[in-house]
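Listed here are the chains, written in short residue letters.
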Amino acid sequence: MVTEIELEKLTDFAQSVNVITDGTTETYPVGTDIFNEICAEWNNMLDGAHEMPAFGVSLNDYTVKEMKSGVWAEFVFGRTLSANGMPFDRLLVNAQPEGYGFNIIRHTAESGYDGRCFYYDLAGKTTSSFYNCLVNAK
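None of these values were measured; they are calculated from a predicted model.

Caption draft 1: A look at the overall build of the protein chain. Each helix and strand in the protein chain was counted, giving three helices and 10 strands. Reading the helices (α) and strands (β) of the protein chain from amino to carboxyl end gives β-β-β-α-β-β-α-β-β-β-β-β-α. Scaling as 2.2 N^0.38, a compact globule of 138 residues should have a C-alpha radius of gyration of about 14 Å, and the protein chain matches this with 14 Å. Counting only C-alpha atoms and orienting by the principal axes, one finds that the protein chain spans roughly 35 × 30 × 30 Å. Here the protein chain holds 138 residues, and the buried ones make up 43% of them. Counting only contacts in the protein chain whose residues sit at least 6 apart along the sequence, the fraction spanning at least 24 positions is 62%. Summed over all atoms, the accessible surface of the protein chain reaches about 7,300 Å², with 49% contributed by carbon and sulfur. Here the protein chain carries 9 positive and 19 negative side-chain charges, and the mean point of each set is 4 Å from the other.

Caption draft 2: Seen up close, the pattern of salt bridges. Applying the stated criterion across every chain, the model contains one salt bridge. With a shortest N-O distance of 3.3 Å, Arg-90 and Glu-74 are connected by a salt bridge. One end of the pair, Arg-90, is in strand E7 (residues 86-95); the other, Glu-74, is in strand E6 (residues 71-83), with 16 residues separating them in the sequence.

Caption draft 3: Layout of the nonpolar core. Ranked by size, the top nonpolar core spans 36 residues in total, and within it Leu-7, Ile-38, Trp-42, Phe-75, Phe-88, Phe-102 and Ile-104 carry the most contacts. At the level of secondary structure, the elements contributing two or more residues to this core comprise strand E2 (16-21), helix H1 (33-46), E6, E7, strand E8 (101-107), strand E10 (118-121) and helix H3 (128-135). No other element matches H1, which puts seven residues into this core. Contacts of Trp-42, omitting those with residues within four sequence positions, involve Leu-10, Thr-11, Phe-75, Val-93, Phe-102, Ile-104 and Phe-130. Grouped together as the second largest cluster of nonpolar side chains are seven residues, Ile-20, Met-67, Trp-72 and Ile-105 included.

Rules of the game
- Residues numbered from 1 in each chain as written.
- Predicted model: local features only at pLDDT ≥ 70, side-chain atom pairs only at ≥ 80, totals over all residues.
- Heavy atoms only, no water.
- Helix = DSSP H or I, 4+ residues; strand = E, 2+ residues; numbered from the N terminus.
- Rg over C-alpha atoms; globule rule 2.2 N^0.38 Å.
- Buried < 20%, exposed > 50% of the residue type's maximum accessible area, 1.4 Å probe, protein only.
- Contact = heavy atoms within 4.5 Å.
- Areas by Shrake-Rupley, 256 points an atom, 1.4 Å probe, with all protein chains shown as cover.
- Lys, Arg positive; Asp, Glu negative; His and termini not counted.
- Charge placed at Lys NZ, Arg CZ, Asp CG, Glu CD.
- Salt bridge = Lys/Arg side-chain N within 4 Å of Asp/Glu carboxyl O.
- Core = buried A, V, L, I, M, F, W, Y, C linked by side-chain atoms within 4.5 Å.

This is the structure:
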């Protein structure tokens, strides 16, 4: 059975966070200090944000290629969850130093990163604290 969640509560369900920097992945399991710091920054960033319709879709091959550069956060759940009727087992974000919104790319075992995304407008906030947290994760 697939559990339907609100995206604002995704950190309650994550088993780990992968921080991907220029194609190199570091994994932080639930309960570690860095996992907790990343989740706290994520939750702070989303406080007051607005989920909006996403205008694009992710293409797996393109997304995997793009993950070789930049800073990415991938929340891993270990089971299939769903938000707004769209299933996922991982959620991926390309972190930017000064973004005012971002896509959340869904991953499923069947399709990889293919499919519709979620989008958040940060309602005047930026991604800078979250980005800095990921860059300094060690």
